[in-house]
Amino acid sequence: MQRGSDTDLEAMAKAANPARIRKAPENFLGADEIAAVSNGRRDFLRGAFAAAAALGAGAAAAEESPKGDEMILKPQTWATTLGQPVAATPYGMPSKYEGGLIRRQSPGLTQVAGASVSFMPLQGMFGIITPSGLHFERHHQGWYDIDPNKHRFMINGSTPEFVKKAKVYTLDDLMRFPSVSRMHFIECGANTGMEWGNVAVPTVQYTHGMISCSEYTGIPLRTLLEDCGVDWKKAKFVLAEGGDGSAMTRTIPIELVASGEVIVAYGMNGEMLRPENGYPLRLVVPGVQGVSWVKWLRRIEVGDKPYATKDEAVHYIDLMPDGQHRQYTSIQEAKSVITSPSGGQTLLEKGFYNITGLAWSGRGKIARVDVSFDGGINWVEAKLQTPVLSKCLTRFNVPWNWDGKPAILQSRATDETGYVQPGYRMLREVRGTRSIYHNNAIQSWKVVESGDVGNVQVL
Amino acid sequence: MFRFSKPALAQVVFLAAALAAASPARALDDFGLGRAATPDEVKAWDIDVRPDFAGLPKGSGSVSDGETVWEGKCAVCHGTFGESNKVFSPLIGGVTKDDVKSGHVAALKRPDYPGRTTFMKVATISTLFDYIRRAMPWNAPKSLTNDQVYAVLAYMLNLSEIVPDDFVLNEQTIHDVQKMMPNRDGMTYDHAMWPSAAFSGKKMKPDTHAKVCMKNCKDKVEVASSLPEYALSSHGNIADQNRHVGQVRGQTTGPSAADSAAKKHPAAELADASGCLACHAVDTKLVGPSYRDVAEKYKGQDVSALLFKKVREGGEGAWGDVAMPPMTDIKDDDLKTLVAWILKGAPSK
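Before going into details, it helps to say that this report is about the structure given with it. What you see is a predicted model, and the numbers here were worked out from it, not measured in a lab. (Residues numbered from 1 in each chain as written. Chains lettered and ligands numbered in written order. Predicted model: local features only at pLDDT ≥ 70, side-chain atom pairs only at ≥ 80, totals over all residues. Heavy atoms only, no water.)

Looking at the overall build of chain B
Of regular secondary structure, chain B possesses 13 helices and eight strands. Per-residue burial for chain B yields a buried fraction of 42% across its 349 residues. Partitioning the contacts of chain B with sequence separation of at least 6, the portion at a separation of at least 24 is 56%. If you sum the accessible surface of chain B, you get close to 19200 Å²; carbon and sulfur atoms cover 57% of it. (Helix = DSSP H or I, 4+ residues; strand = E, 2+ residues; numbered from the N terminus. Buried < 20%, exposed > 50% of the residue type's maximum accessible area, 1.4 Å probe, protein only. Contact = heavy atoms within 4.5 Å. Areas by Shrake-Rupley, 256 points an atom, 1.4 Å probe, with all protein chains shown as cover.)

Digging into the sheet that holds strand β21 (residues 394-402) of chain A
The four strands lie next to each other as β15-β17-β21-β20 (chain A), forming an open sheet whose pairing is antiparallel. Either end of the sheet is taken by a strand with one partner, and the two such strands are β15 (335-340) and β20 (383-384) of chain A. (Pairing = 2+ DSSP bridges.)

Points about the interface of chain A and chain B
Every contact between the two is made by 134 residues of chain A and, on the other side, 100 residues of chain B. Here chain A packs against chain B, burying approximately 10200 Å² in sum over the two surfaces, 59% of which is carbon and sulfur. On the chain A side of the interface with chain B, the three residues burying the most area are A:Q111, A:H325 and A:I377, jointly 6% of the side's total. Linking chain A with chain B are nine salt bridges, by the criterion used here. We note a salt bridge from B:D207 to A:R326, for which the minimum N-O separation is 2.7 Å. Linking chain A to chain B there are 57 residue pairs in polar contact (both at pLDDT 80 or more). Element by element, the count of residues in the side of chain A that touches chain B is highest for helix α1 (residues 6-15) of chain A, at six residues. (Buried area = accessible area lost by both parts, 1.4 Å probe. Salt bridge = Lys/Arg side-chain N within 4 Å of Asp/Glu carboxyl O. Polar contact = N/O pair within 3.5 Å; in protein donor to acceptor, adjacent residues only side chain to side chain.)

Points about the nonpolar core
Nonpolar side chains tend to gather and get buried jointly when the protein is soluble and globular. Residue and element names in this part refer to chain A. Among the nonpolar cores identified, the biggest contains 90 residues, and F153, L283 and I300 are the most heavily contacted of them. Here this core gathers at least three residues from each of two domains, domain 1 (124-326) and domain 2 (335-456). Among all residues touching I300, those that are not within four sequence positions of it are F153, M154, I155, N156, L221, L225, V238, L239, A240 and L283. (Core = buried A, V, L, I, M, F, W, Y, C linked by side-chain atoms within 4.5 Å. Domains from an automatic or database assignment.)

Focus on empty space enclosed by the protein
According to the stated counting rule, one finds five cavities of 30 Å³ or more in the structure shown. The volume enclosed by the largest cavity comes to roughly 210 Å³. For the largest cavity, the lining is made up of 21 residues, of which A:R138, A:R282, A:G290, A:V291 and A:K295 are closest to its centre. Here the lining of the largest cavity gets three residues from one element, more than from any other, and that element is strand β2 (residues 137-139) of chain A. Per-class residue counts for the lining of the largest cavity are nine nonpolar, six polar and six charged. Each pocket or cavity is described by its volume, and for the second largest cavity that value is around 60 Å³. What lines the second largest cavity is A:E187, A:C188, A:G189, A:N191, A:Q332, A:E333, A:K335, A:H438, A:N439, A:N440 and B:M193. (1 Å grid on protein atoms, 1.4 Å probe; cavity = no way out; pocket = protein on both sides within 12 Å on 5 of 7 lines; lining within 4 Å. Points joined across faces, edges and corners; volume = space filled by probe spheres on them. Nonpolar A, V, L, I, M, F, W, Y, C, P; charged D, E, K, R; others polar.)

Quick word on the pattern of salt bridges
All names here are of chain A. With the rule as written, the count across this model stands at 35 salt bridges over all chains. A salt bridge links R298 to E241; the nearest nitrogen and oxygen atoms lie 2.8 Å apart. Pair noted here: R298 is in strand β12 (residues 297-303) and E241 is in strand β7 (residues 237-242), with a separation of 57 residues, a long-range link. Of the two residues, R298 and E241, both sit in the buried class.

Observations regarding the environment of A:Q410
All names here are of chain A. Mapped onto the elements of the fold, Q410 is located in strand β22 (residues 407-415). Taking the C-alpha atoms as reference points, Q410 and F373, separated by 37 residues in sequence, lie 6.6 Å from one another. Leaving out residues up to four positions away in the same chain, Q410 has contacts with I338, D370, V371, S372, G375, G376, W379, I442, Q443, S444 and V458. A polar contact is formed between the side chain of Q410 and the backbone nitrogen of G376, at a distance of 3.2 Å.

With respect to helix α7 (residues 146-159) of chain B
Residues and elements named next belong to chain B. The first and last C-alpha atoms of α7 sit 20 Å apart over 14 residues, in line with the 20 Å expected at 1.5 Å per residue. Judged by how many residues are buried, α7 sits mostly within the fold: 11 of 14 residues are covered. Residues V149, Y150, A151, V152, L153, A154, Y155, M156, L157, N158 and L159 constitute the buried set of α7. At the C-terminal side of α7, E161 shows a positive phi close to 60 degrees. (Expected span 1.5 Å × (residues − 1).)

Considerations on the sheet that holds strand β4 (residues 187-188) of chain B
Judged by pairing direction, the sheet is mixed, and its three strands sit side by side in the order β13(A)-β14(A)-β4(B) without closing on themselves. The sheet is open, and its two edges are formed by β13 (318-319) of chain A together with β4 of chain B, each paired on a single side. As judged from the two bridges shared by strand β14 (residues 325-326) of chain A and β4(B), these two strands associate in the parallel manner. Counterpart to A:R326 in the pairing with β4(B) is B:T188.

Remarks on the packing of helix α12 (residues 304-313) of chain B against helix α13 (residues 332-343) of chain B
Axes are the key here: two packed helices are described by the angle between their axes and the distance separating the axes. Residues and elements named next belong to chain B. It is the contact of α12 with α13, at a shortest axis distance of 10 Å, that shows an interaxial angle of 120 degrees. On the basis of the axis angle, α12 is oblique to α13. Note on packing geometry: the crossing formed by α12 with α13 is right-handed. Across from S304, L307, F308, V311 and R312 in α12, the residues of α13 making contact are D332, L335, K336, V339, I342 and L343. Taken together, the residues of the contact of α12 with α13 sort by class into seven nonpolar, one polar and three charged. (Axes fitted to C-alpha atoms, helices over the stretch in contact; angles between N-to-C directions. Parallel < 35°, antiparallel > 145°, perpendicular 65-115°, else oblique. Left-handed = near helix turned anticlockwise from the far one by under 90°.)

Things to note about the state of the cysteines
Counted under the stated rule, the structure contains one disulfide over all chains. Covalent S-S linkage joins B:C213 and B:C217, the inter-sulfur distance amounting to 2.1 Å. As the torsion about the S-S bond is roughly -100 degrees, the B:C213-B:C217 disulfide counts as left-handed. Residue classification places B:C217 among the partly exposed positions, given a relative accessible area of 27%. Here A:C213 stays unpaired: no disulfide links it, and the sulfur of A:C392, its closest cysteine neighbor, is 3.7 Å away. (Disulfide = S-S within 2.5 Å.)

Considering the packing of aromatic side chains
All names here are of chain A. Scanning all chains against the criterion turns up 19 aromatic pairs over all chains. Taken together, a centroid distance of 5.8 Å and an interplanar angle of 65 degrees make the contact between F119 and Y206 edge-to-face. On the criterion of sequence distance, the pair formed by F119 in the loop between β1 (116-118) and β2 and Y206 in helix α8 (residues 204-208) is long-range, its members being 87 residues apart. The class for F119 is buried, based on a relative accessible area of 0%. (Phe/Tyr/Trp six-rings, centres within 6.5 Å; stacked < 30°, edge-to-face > 60°.)

What about unusual backbone geometry?
All names here are of chain A. The residue after Y279, namely P280, is reached through a cis peptide bond having omega 10 degrees. With respect to the helices and strands, the residue P280 is situated in the loop between β10 (271-272) and β11 (282-284). Following T386, the chain continues to P387 via a peptide bond in cis, the omega torsion being 0 degrees. Within the element layout of this structure, P387 appears in the loop between β20 and β21.

Quick word on the pairing of strand β3 (residues 152-157) of chain A
Residue and element names in this part refer to chain A. Across the six residues that make up β3, a large majority, five, are buried. Two elements, β3 and strand β4 (residues 167-170), share four bridges in a ladder whose sense is antiparallel. For F153, the partnering residue across the bridge sits in β4 and is Y169. Pairing between β3 and β12: four bridges, direction parallel. Following the sheet pairing, M154 is matched in β12 by R299.

Regarding a nonpolar patch on the surface
All names here are of chain A. A surface patch of nonpolar side chains, about 510 Å² in accessible area, is lined by M71, I72, L73 and W78. Sort the elements by how many residues they give to the nonpolar patch and helix α5 (residues 70-73) lands first, with three residues. Its location among the elements puts I72 in helix α5. Owing to a relative accessible area of 69%, I72 belongs among the exposed residues under this scheme. (Patch = residues over 30% accessible without salt bridge, like charges linked within 9 Å, V, L, I, M, F, W, Y side chains within 5 Å.)

Here you go:
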């Protein structure tokens, strides 16, 4: 079944009725609190969509019964009839009730979908691995599903002195090499780019959704360069080139290749790469922005000078206040974000919540994450969930008892180099507001008395 | 535990020795995989051009030749003067004669300057040659000859008032052009976001120095920005973008997707299935005009046949400079339904 079909959407709408016995939100707030809730924004929403709210409250009330929960007292279809057989869905799909958690475009961000972005739904994700079907997308000239038997991978020198033998490999060749599997995050350099100057988008899907994290399987590029007889002393840079229409090219520092970290990958999360992610071959450059992870990888050239390709000379350059652009900005510095609760969400009632989010650094492991509930005046240290891996997403959790009063939630990551994620004031003092790329500022979510969470920026 | 009997073990040893003698042992890092690339194969794929012009092919093209290529293949997306932002960011504009002299684009210092064109940013002419050759035109990449690439680049340089009308760009004159690029000195490598000292010769430190403070870290919390009311519904109904179970729900910021889906006009579904909605929307202009605007334009006229032909065969000029591609895959009956629906103003029910 295709996700997001009409049938799914109807099912979702039905599922929207809370399954627990719960009073409607209007009932658990005191009179004073309700007055406080009635700010302009809520009035606007309530006025526009009062009908929907009334429906929700009615449905919840109908489930109350003196004997207990009808879901327990009455036998349910799924407990009293025969279910689906094995392999009814040969390639399994998420529950139809999960249809809202899909990749989405940000309206108005780009003019054509062939050169655009779709964002990963961080607001509903757990742990650190991104389901492959939800991996964010960034294509420059559309995507193809390339026949793996027609794909070729070439390594050559910018002149013959850099590699003894220019070679061509098929996927049959590449998949026989000794392989490694490693978990890494990939973040677009423009992630959070819409927010440099001010708040622009409502939810964490759009503020931070150009990130994903997978287990990649492939061959260290170092192994393949050595197979071609690379001259490590002469080699300073490699150029990675894609096999798509854009023939995407990026300069990669030889240090990262020599370290063995850069992988020529065919596998992702236990299966082959998805077509949108470069099937059958992509480069994995841990810690470095996504544009360098060239998809549909067809060629690596070894040389001694950088290439100033379009996506490192016209785009993916960071404008500073003095009018100069920083070029070859590549490493994604330490960053974190609370994913639940987050912008556009509503807390159901007062009481206990698990504040959860993600932290990552392009320079290594996350060392600690601190969380503030008062906009950055006081902080508590979050618990990092294992595994904590280098250049990989790290999940953090903090317990919170919400007293129903306004709060501003923030998270602040520190990586193993000692680098601490900056706030907006500090970042803007150095880089201004026009950089577009590499915004790793502390994200703030404001909680108001109604339980509504909104995107704000705090200085 | 399995054990070899002595005679069996002797046999294994003998067999191993025989195999070793037959084919000398190969080191485990000598994979013997892949093959040598032929010179023609390398030539076919190795098309990159570096800032020092390594890889630049011979060829030449004049400004006037470039104008012809531009109008035939480029203007449809980039506008007659490269100024259009309808499909992509503008290419031309924002640079001055003074910038050509100084090597820094002055407008980049101005926070109030609206947008940045390609020529305001790019420092290296090789970048444009390389990119046009490998990736343009957008829907037919790698289809230009080298001379056409030189020509179209000459025309863009002329539009940017960097070279005169009678200029001819070739593998020699491109060196002179590099010295006139308006933002040629506009790049800096002084940052810590490249993992080596390859550029600046020194290992740079990060540019922010936040500290881990835990108590009373500031006096007041200044909320500098929040989402304006009008933008709350800009991303659709957020309730539909969240799970309907768990510790939170999404806020209702618009009509639910289920409601919208239930109300959909059959022709609207047809438009969606036929790919029309990639470029058109009912009431907002995307790449193409909105259906409401089309209906308004032809109000009171019988243009069904004309519109049928326009959609079927494609066209340009009626709604700005982005062309409508021919729609050959839609069945006649479906296309008639679509045209009738559009001319009625694309009603939702």
